[in-house]
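A structural walkthrough
In case you want the letters, here they are:
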Amino acid sequence: MITYLEAIRLAQQKALATDPRVFLYGQDIASFGGAFKATKNLSKEFPGRVFDATLSEDAIVGMAIGAAIEGMRPIVEMQFADFSTCGLNQIVNHAATLYYRTGVPCPIVVRLPSGGTSGGGPFHSQSMEALYAHYPGLVVVTPATVEDAYTMLFDAVALDDPVIFCEHKFLYNHLKAESLPETSLPIGKARLARTGRDATIVTHGAMLHESLAAATELAEEGFELEIVDLRSVKPLDTDTILASVARTGRLLCVSEEWPWGGVTSEVIARVSAEGFGLLDVAPMRVNAKDTPVPYHPDLWSVHRPTASTIAAAARRLLLS
Amino acid sequence: MPKTSAAVTQADYIKAYRIMLLSRVLEEKLASLYRAGMIKGGVFLGRGQEALSVSVGIHLHRGDIFAPLIRDQAGRLAFGDTVLDTLRTYLGSQLGSMRGRDGNIHRGRPRDGYYAMISHLGAMIPAVSGGLFARRLKGERGVVGATCIGDGGTSTGAFHEGLNAAAVEKLPLVVVIANNQYAYSTPNSRQYACADLLDKAAGYGVVGHKADGTNLLDCLQTLRRAVQNARGGGGPQLVVADLLRLVGHGEHDDGQYVDPKLKASPLGGDCLVIAEHHILEQKWATAEEHAVWRREVETEVNSTADRVRREPPPDPEEDDWAALSCPEYREQYATS
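What counts as what
- Residues numbered from 1 in each chain as written.
- Chains lettered and ligands numbered in written order.
- Predicted model: local features only at pLDDT ≥ 70, side-chain atom pairs only at ≥ 80, totals over all residues.
- Heavy atoms only, no water.
- Domains from an automatic or database assignment.
- Buried area = accessible area lost by both parts, 1.4 Å probe.
- Salt bridge = Lys/Arg side-chain N within 4 Å of Asp/Glu carboxyl O.
- Polar contact = N/O pair within 3.5 Å; in protein donor to acceptor, adjacent residues only side chain to side chain.
- Helix = DSSP H or I, 4+ residues; strand = E, 2+ residues; numbered from the N terminus.
- Nonpolar A, V, L, I, M, F, W, Y, C, P; charged D, E, K, R; others polar.
- Expected span 1.5 Å × (residues − 1).
- Buried < 20%, exposed > 50% of the residue type's maximum accessible area, 1.4 Å probe, protein only.
- Contact = heavy atoms within 4.5 Å.

In this section: the domain arrangement of chain A. Residues and elements named next belong to chain A. Its domain assignment divides chain A into domain 1 (2-177) and domain 2 (191-319). Here the C-alpha centroids of domain 1 and domain 2 sit 26 Å apart. In total, domain 1 and domain 2 occlude about 2100 Å² of area from one another, counting both sides; carbon and sulfur atoms represent 59% of this. Taken together, the links from domain 1 to domain 2 amount to 1 salt bridge. The tally of links from domain 1 across to domain 2 stands at 11 residue pairs in polar contact (both at pLDDT 80 or more). Looking at the side of domain 1 that touches domain 2, the elements with two or more residues in it are α5 (129-133), β6 (139-141) and α6 (146-158). By residue class, the composition of the side of domain 1 that touches domain 2 is 15 nonpolar, 13 polar and 2 charged.

Put into structure tokens, the structure is as follows:
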């Protein structure tokens, strides 16, 4: 069985094997194989292509940008998504503006081990996708399955634009697949993870699996939920969302991010503006609580949305 | 450092001086266009820093990498930038390299090794380092990258991270600090506490060089040595040149805060005037010949400005408003 984490390692292995422009750069990623082992053995297999970086997120991304200008395809690993704020300037002001300003694309992939795990606490748990999606010039992807972790990372490397690859740590070892596909939906297309007639849940990342569990719970009560897995939050596949809402008339947005200005607010804004007439009732959303991510597992498990809080919200939506 | 590099010749000096003169005349034109309201946004001049800046650009080859900063008009021209593209970018011509999407000193042609600075100081150090790292991975040898910064920029995290990472990778990088005594209005006494910015070189494990920024010969010799060291495998080189910014931060700023004692000190000397006197004293040119040089560049600058002023501005209807290069995302992005 192949885990989500191993799929990420295998996608990088495939990228290194098939594209001589690819190299890996990040903290502890060479002989140590990375904090999560997402690059295990790759430095041995590809000598001179996998490099340990200094503890300098700004310089890591800045170096990747320069290398991309010179025609390379760097994949950089942030040890945790949270630390990418130390490289924020290079990502949002340099990588993201380069093509618009100069006409020269910036094909870098920044891997962000994202989201909460039990005991992670305020600085090892964050979901940064909305922050990066806010800036023009970045592609922001949030694979929720083993298959997507593999194909989307490989596709991200092939893209000429900077990609923020939000891989979810909670899924690293939880999710397993029998085999990996060669192709998948392109980046920018959402996927119907479950079909149903009564309400639409739009979600991404680890929350896909909480939402699927909630849908199973609701199915026992006679409600059929449709679930849209966004896969990429920017570009956002508004067409697939609107088509689903047209079928169900009800919308629940679920995200592990904080509520303010996030993916759920963006989705609801778009559906309200472009598909208000499709809605039978006011849309709803479930987000993490608007506090830093707490350390203690008992606090953390309440801070984030779970199958039961999603199911409770879905019931309210369905009965309203 | 042993002075092993080839001596700076009369021809080198004259060539550098004439680029400085072109840069000065071009910048005087930019200031005048700004005062006439023809340039939107800011104008940032390198008056007093031309000797240092030209010495960086003139020692780089085609195929090297250069990321200049805001007071590097002379270095830009020496590296191959043109009066035409400078004016186009400042005046917002659609035909300029930045097509009106970015302006003034934020210009470059990254594919030609001429990186376009962002305003965030220090950011270009890792970018040039990454370019050099890529060249190394591609098996290219003998490439040098150079980037410029000021005294204020040395206080940024990006400066520290970038120079440290370049040192760890032993990249052929030259970082040039124009120690012009002020970061906008902030004097060096409020900027750093070490005795000399050159002290930082030892901390990063890189070779340090000191230059008199008002003296063209010293700048040329120092940069020649630093660039040759880097090209020869000597790792990153840190050049610190002391001088005084002879203008405000931008043309909107009269720089009234500059200490008069500094202006009267040797630091306050105008490198262009000093170099001109040197040329005349050495009888490398007569006053008449010098006057011809000035008239030639004035003619070039004025005629180019007249031409650019007739060029079309960017057309908002024609801009594709696409921040991503991938065509398949443009439609989705446009509605984003």
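Next up on the list: α6 of chain A. For α6 of chain A, with 13 residues, the first-to-last C-alpha span of 19 Å sits near the 18 Å given by 1.5 Å per residue. Buried within α6 of chain A we find Val146, Asp148, Ala149, Tyr150, Thr151, Met152, Leu153, Ala156 and Val157 of chain A.

It is worth spelling out the interface of chain B and chain A at this point. Contacts between chain B and chain A engage 48 residues on the former and 44 residues on the latter. Across the chain B to chain A interface the summed buried area is about 3800 Å²; carbon plus sulfur atoms make up 59%. Applying the counting rule to chain B against chain A returns 2 salt bridges. In this structure, glutamate 70 of chain A engages arginine 135 of chain B in a salt bridge whose closest nitrogen and oxygen atoms are separated by 2.7 Å. Here chain B is connected to chain A by 18 residue pairs in polar contact (both at pLDDT 80 or more). Those elements that provide at least two residues to the side of chain B that touches chain A are α5 (124-137), α6 (157-169) and α12 (327-334) of chain B. Counting residues per element, the side of chain B that touches chain A draws most heavily on α5 of chain B, at 10 residues. Class assignment for the residues of the side of chain B that touches chain A results in 25 nonpolar, 12 polar and 11 charged.

All told, the structure shown has 37 salt bridges over all chains when counted by the stated rule. Among the salt bridges present, the one from arginine 111 of chain A reaches glutamate 167 of chain A, with a minimum N-O distance of 2.8 Å. Of this pair, arginine 111 of chain A sits in strand β5 (residues 109-114) while glutamate 167 of chain A sits in strand β7 (residues 163-168), placing them 56 residues apart in sequence. The pair arginine 111 of chain A / glutamate 167 of chain A is uniform in exposure class, with both members buried. Across the salt bridge formed by arginine 191 of chain A and aspartate 229 of chain A, the nearest N and O atoms sit 3.3 Å from each other. Taken together, the residues span a long stretch of sequence, with arginine 191 of chain A in strand β9 (residues 191-194) and aspartate 229 of chain A in strand β11 (residues 225-229) at a distance of 38 residues. One connected set of salt bridges, linked through shared partners, spans Glu28, Arg47, Arg294 and Glu298 of chain B.

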